[in-house]
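Commentary on secondary and tertiary structure
Here is how the chains run, residue by residue.
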Amino acid sequence: MKAYRELSENELLALKDQLHKEYEEAKAKGLQLDMSRGKPSPAQLDMEKDFLGMVISDADVTTETGVDCRNYGLLDGIPEARTLLADMLEVSADKVIVFGNSSLNVMYDTIARSMLLGVLGNTPWCKLDKVKFLCPVPGYDRHFAITEQFGIEMINIPMKEDGPDMDLVEKYVNEDSAVKGIWCVPKYSNPQGYTYSDETVKRFAALKPAAEDFRIFWDNAYAVHDLYEDRSDKLLEILGECEKAGNPDMVYEFCSTSKVTFPGAGIAAIVTSPANVEQIKAAMTIQTIGYDKLNQLRHTKYFKNIDGMKAHMKRHAAIMRPKFEAVLKVLESELAGLGIGSWTNPNGGYFISFDAMEGCAKAIVEKCKEAGVILTGAGATYPYKKDPKDSNIRLAPTFPSPEELSVATDLFVLCVKLVSVEKLLHN
Ligand SMILES: Cc1ncc(COP(=O)(O)O)c(C=O)c1O
């Protein structure tokens with residue numbers, strides 16, 4: 001098949017008729033499939049069979065240091081949970097505070113604290129005329145929703161395969177004191193699955209922010225989420241790089257076990273410098289007497305150590321790989337060479353990112369929905385839900401079965417073709 005742009009008008013019209021017929025047939029099947037959110041599948045959740053029973057008797061409730069996890073105490077988490085998450089992110093345990101079940105919650109609180117109380121003695125952001133955040137795009141919709149809710153102005157920064165456009169990041173951060181933060185998903189980014197290169201991490205660490213209270217919001221949600229044993233990405237540890245560059249306080253790193261154990265019942269953490277840890281703990285003592293230590297204990301008893309967690313993640317990958325492959329196979333066989341879309345082939349994480357021809361994403365998502373396949377809303381991967389090119393679509397292959405994914409992706413590529421032909425005919 002030739003690239004669509006090389007087809008004559010008559011060829012395009014004939015193709016449109018044929019695709020339309022196929023689409024009506026597909027619609028008649030009454031599909032009900034959901035590729036919209038990055039959730040583990042039931043098979044992944046079922047893997048954790050013994051997990052829930054790790055803390056079932058009075059004999060199971062004390063930490064290594066003898067603290068009773070049923071009682072108050074240990075505001076920053078039990079020592080073994082701090083160590084486990086520190087090992088996951090390759091930092092020392094004194095930089096880790098363990099929270100409840102959601103890292104997004106910790107990110108929200110971190111923004112809220114900066115707004116209301118300020119960062120290490122600086123003016124609270126809510127008292128400033130303007131606060132700006134850099135947003136690598138496409139990115140994670142829930143990050144953008146937080147900064148939008150607090151009225152923070154969001155600035156798009158294009159993502160490249162090795163991370164955000166660092167020339168632009170340096171320009172904004174180093175020249176504009178209203179720029180207080182940047183959202184980053186540095187490993188297996190949501191949605192492209194890109195990992196920041198060593199050079200990108202080093203350029204981040206070497207920033208010379210105009211604002212003393214500028215912080216990098218380093219959401220390392222997919223730190224141990226490799227899909228392939230022989231092609232996994234490696235991310236340079238940023239806190240160490242920042243220390244070396246003389247910027248020890250510049251990063252708030254976040255993580256959780258939402259996609260290691262259970263999204264509704266994992267453990268989350270912030271990882272940051274001693275000065276930041278101190279400020280966060282001072283605010284936390286007002287907010288809570290402590291988080292659920294029994295769940296922290298359940299995690300550490302289950303994994304024992306980081307090797308246990310890594311072995312466990314290999315079993316997750318074995319379930320997820322065929323799903324990614326099912327989607328990629330259809331994309332490759334149906335769309336390669338047509339010039340109407342490009343997509344990522346990540347080594348880990350939870351998503352595949354698809355870029356349609358400009359002005360087509362909304363119509364593709366709508367057509368899929370009409371025929372029973374739900375995708376993440378077009379535009380969701382951009383601040384204010386505004387994709388300037390209306391071209392990016394996030395595919396989330398983890399929840400449905402490989403068979404369902406093949407069917408859903410067949411419909412997706414059909415919609416991509418149909419919408420692209422219509423677009424070319426109307427240009
Ligand atoms: C980049 C990223 N960060 C955070 C989260 C949510 O994490 P949590 O469940 O710990 O709140 C997700 C979930 O999809 C995500 O993709």
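Structure: see above.
Now for a quick tour of the structure. (Residues numbered from 1 in each chain as written. Predicted model: local features only at pLDDT ≥ 70, side-chain atom pairs only at ≥ 80, totals over all residues. Heavy atoms only, no water.)

All right, on to the overall build of the protein chain then. When its secondary structure is counted, the protein chain shows 13 helices and 13 strands. Summarising its shape, the C-alpha atoms of the protein chain cover approximately 75 × 55 × 35 Å along the three principal directions. Considering only residue pairs separated by 6 or more positions, the protein chain has 76% of its internal contacts joining residues 24 or more positions apart. Computing the positive centroid from 49 side-chain charges and the negative centroid from 62, the protein chain places the two 2 Å apart. (Helix = DSSP H or I, 4+ residues; strand = E, 2+ residues; numbered from the N terminus. Contact = heavy atoms within 4.5 Å. Lys, Arg positive; Asp, Glu negative; His and termini not counted. Charge placed at Lys NZ, Arg CZ, Asp CG, Glu CD.)

We now examine the nonpolar core. Within the largest apolar cluster, 56 residues are counted, with the highest numbers of intra-cluster contacts made by L331, I364, L395 and F412. Of all the secondary-structure elements, those providing two or more residues to this core are α1 (9–28), β1 (33–35), α11 (306–335), β11 (352–356), α12 (361–370), β12 (373–375), β13 (392–395) and α13 (402–426). Per-element tally for this core: the top contributor is α13, with 13 residues. Two domains each put at least three residues into this core: domain 1 (4–44 + 311–426) and domain 2 (61–304). Non-local contacts of F412, meaning those with residues more than four positions away in its chain, are made with L331, F354, I364, C368, L375, I393 and L395. Counting 54 residues, the second-largest nonpolar core is a separate cluster that includes V98, A205, A223 and I306. (Core = buried A, V, L, I, M, F, W, Y, C linked by side-chain atoms within 4.5 Å. Buried < 20%, exposed > 50% of the residue type's maximum accessible area, 1.4 Å probe, protein only. Domains from an automatic or database assignment.)

Now for the pattern of salt bridges. Side-chain pairing between opposite charges can occur once the charged atoms of the two side chains come close. Following the criterion strictly, the structure yields 18 salt bridges and no others. For R203, the salt bridge goes to E170, with nearest N and O atoms at 2.8 Å. Of this pair, R203 sits in helix α7 (residues 198–205) while E170 sits in helix α6 (residues 166–175), and the two are 33 residues apart along the sequence. Residue E170 is classed as partly exposed on the basis of its relative accessible area of 23%. Here E199 and R203 are joined by a salt bridge, their closest N and O atoms 3.9 Å apart. Pair noted here: E199 and R203 are both in helix α7, with a separation of four residues, about one helical turn. On the basis of relative accessible area, E199 is assigned to the exposed category, the value being 52%. When its relative accessible area of 24% is taken as the criterion, R203 is described as partly exposed. (Salt bridge = Lys/Arg side-chain N within 4 Å of Asp/Glu carboxyl O.)

Another point: the packing of α11 against α13. Here α11 crosses α13 at 30°, and the two axes come no closer than 9 Å. Here α11 lies roughly parallel to α13, going by the angle between them. As for how α11 packs across α13, the hand of that crossing is right-handed. Each of P322, K323, A326, V327, V330, L331, E334 and L335 in α11 lies in contact with α13, whose residues at this interface are P402, L405, S406, T409, D410, F412, V413, V416 and K417. Across the contact of α11 with α13, the residue classes tally to 11 nonpolar, two polar and four charged. (Axes fitted to C-alpha atoms, helices over the stretch in contact; angles between N-to-C directions. Parallel < 35°, antiparallel > 145°, perpendicular 65-115°, else oblique. Left-handed = near helix turned anticlockwise from the far one by under 90°. Nonpolar A, V, L, I, M, F, W, Y, C, P; charged D, E, K, R; others polar.)

In this section: the sheet that holds strand β10 (residues 341–343). The strand order across the open sheet built from three strands is β10-β11-β13, with neighbouring strands paired in antiparallel fashion. The open sheet is flanked by β10 and β13, the only strands paired with a single partner. For this sheet, the mean angle separating the axes of adjacent strands, direction not counted, is 20°. Packed on one face of the sheet, α11 meets β10, β11 and β13 and runs near 20° to β11. (Pairing = 2+ DSSP bridges.)

Time to look at helix α10 (residues 293–303). Summarising burial for α10: nine of the 11 residues are buried, a large majority. Those residues of α10 that sit buried are K293, N295, Q296, L297, R298, H299, T300, Y302 and F303. Contact partners of the buried residues in α10: α2 (42–47), α3 (79–89), β2 (96–98) and α11. Of the residues flanking the start of α10, the one acting as N-cap is D292, its side-chain oxygen 3.0 Å from the backbone nitrogen of L294. Within two residues after α10, K304 carries a phi angle of roughly 70°, on the positive side. (Polar contact = N/O pair within 3.5 Å; in protein donor to acceptor, adjacent residues only side chain to side chain.)

All right, on to the packing of aromatic side chains then. One pass over the structure, following the stated rule, counts 18 aromatic pairs. Measuring from centroid to centroid gives 5.4 Å for Y196 and W218, while their planes differ by 85°, and the two rings are edge-to-face. Residue Y196 is located in the loop between β6 (179–184) and α7, and its partner W218 is located in strand β7 (residues 215–219); the two are separated by 22 residues in the primary sequence. We classify Y196 as buried; its relative accessible area is 2%. Given a relative accessible area of 1%, W218 falls into the buried group. Ring centres of Y222 and F351 lie 6.5 Å apart, and the angle between their planes is 85°; this geometry places the pair in the edge-to-face category. Placement of Y222 in the loop between β7 and α8 (238–244) and of F351 in the loop between β10 and β11 is noted, with a sequence separation of 129 residues between them. For the pair formed by Y222 and F351, the shared burial category is buried. (Phe/Tyr/Trp six-rings, centres within 6.5 Å; stacked < 30°, edge-to-face > 60°.)

Within the open sheet, the eight strands sit side by side as β2-β9-β8-β7-β6-β3-β4-β5. Their pairing is mixed. Of all strands in the sheet, those with a lone pairing partner are β2 and β5 (163–164), marking the two edges. Docked against the sheet, helix α4 (residues 103–116) engages β3 (132–137), β6, β7, β8 (251–256) and β9 (268–271), running at close to 155° with respect to β8. Docked against the sheet, helix α9 (residues 274–287) engages β2, β7, β8 and β9, running at close to 25° with respect to β2.

Close contacts around the ligand come from S102, S103, L104, Y140, V185, N190, D219, A221, Y222, S256, S258 and K259, and that covers them all. Between the ligand and L104, the relevant distance is 2.9 Å, taken from an oxygen atom to a main-chain nitrogen or oxygen of the residue. Protein chains bury 88% of the 400 Å² of accessible surface belonging to the ligand in isolation. The residue inventory of the shell around the ligand, partitioned by class, reads five nonpolar, five polar and two charged. (Near = heavy atom within 4 Å. Areas by Shrake-Rupley, 256 points an atom, 1.4 Å probe, with all protein chains shown as cover.)

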